[in-house]
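Geometric and topological summary
So you can see what is in the structure, the chains are spelled out below.
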Amino acid sequence: MAKCAICEKGAHFGIQVSHSHRRSNKMWKSNIKKVKVNVNGTPSKMYVCTSCLRSGLVERA
């Protein structure tokens, strides 16, 4: 599973509980995109989550 290169955000795990309280394992995936970004003036591809993209922590190429 991909992780964000900026904030290291990845998948979260837990237990999903139905209305009748039957429990099953659940995985929540974070919204991670493969984006072309500028790193020290050179464009390269990274996995970045959308919250880092919206907050302006990376500059797109």
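Residues numbered from 1 in each chain as written. Predicted model: local features only at pLDDT ≥ 70, side-chain atom pairs only at ≥ 80, totals over all residues. Heavy atoms only, no water.

The protein appears in an unreviewed UniProt entry as Large ribosomal subunit protein bL28 from Coprococcus catus.

1. Digging into the overall build of the protein
Convention followed: Secondary structure counts use DSSP, requiring at least four H or I residues in a row for a helix and at least two E residues in a row for a strand, with both numbered from the N terminus. Radius of gyration means the value over C-alpha atoms here, while the globule rule gives 2.2 Å times the residue count to the 0.38 power. Two residues form a contact once any of their heavy atoms are found within 4.5 Å. Computed by Shrake-Rupley with a 1.4 Å probe, the accessible areas treat only the displayed protein chains as cover when residues are assessed.
Check the secondary structure of the protein and you find 1 helix and 4 strands. Starting at the N terminus and walking to the C terminus, you meet the elements of the protein as β-β-β-β-α. For 61 residues, the compact-globule estimate of 2.2 N^0.38 gives 10 Å, and the C-alpha radius of gyration of the protein, at 16 Å, exceeds that figure by more than 25%. Seen through its C-alpha atoms, the protein measures out along the principal axes to roughly 55 × 20 × 15 Å. Put simply, of all contacts in the protein between residues at least 6 apart along the chain, 29% involve residues at least 24 apart. If you sum the accessible surface of the protein, you get close to 4,900 Å²; carbon and sulfur atoms cover 49% of it.

2. Re the nonpolar core
Note the threshold: In this text, buried Ala, Val, Leu, Ile, Met, Phe, Trp, Tyr and Cys residues form a nonpolar core when linked through side-chain atoms within 4.5 Å. Under the scheme applied here, a residue whose accessible area is under 20% of the maximum for its type counts as buried, over 50% as exposed, and between as partly exposed, the area being computed with a 1.4 Å probe on protein chains only.
One finds Cys4, Val35, Val37, Val48, Cys49, Cys52 and Val58 forming the largest nonpolar core, which totals 7 residues. Elements supplying a minimum of two residues to this core: β3 (32–39) and β4 (42–49). With near-sequence residues (within four places) excluded, cysteine 52 lies in contact with Cys4, Ile6, Cys7, Leu57 and Val58.

3. What to know about the state of the cysteines
Quick reminder of the rule: Throughout, disulfides are identified as pairs of cysteine sulfur atoms within 2.5 Å of each other.
Enumeration over the complete set of coordinates arrives at 0 disulfides. Of all cysteine sulfurs, the one in cysteine 49 lies closest to cysteine 7, which takes part in no disulfide; the gap is 3.6 Å. A disulfide-free cysteine, cysteine 52 has its sulfur positioned 3.5 Å from the sulfur of cysteine 49, the nearest such atom.

4. A short note on unusual backbone geometry
The backbone of histidine 21 shows a phi angle near 65°, a positive value even though the residue is not glycine. Tracing the chain through its elements places histidine 21 in the loop between β1 (12–17) and β2 (23–28). Histidine 21 sits in the exposed class, given a relative accessible area of 62%. A positive phi angle is found at asparagine 40, which is not glycine, with a value near 55°.

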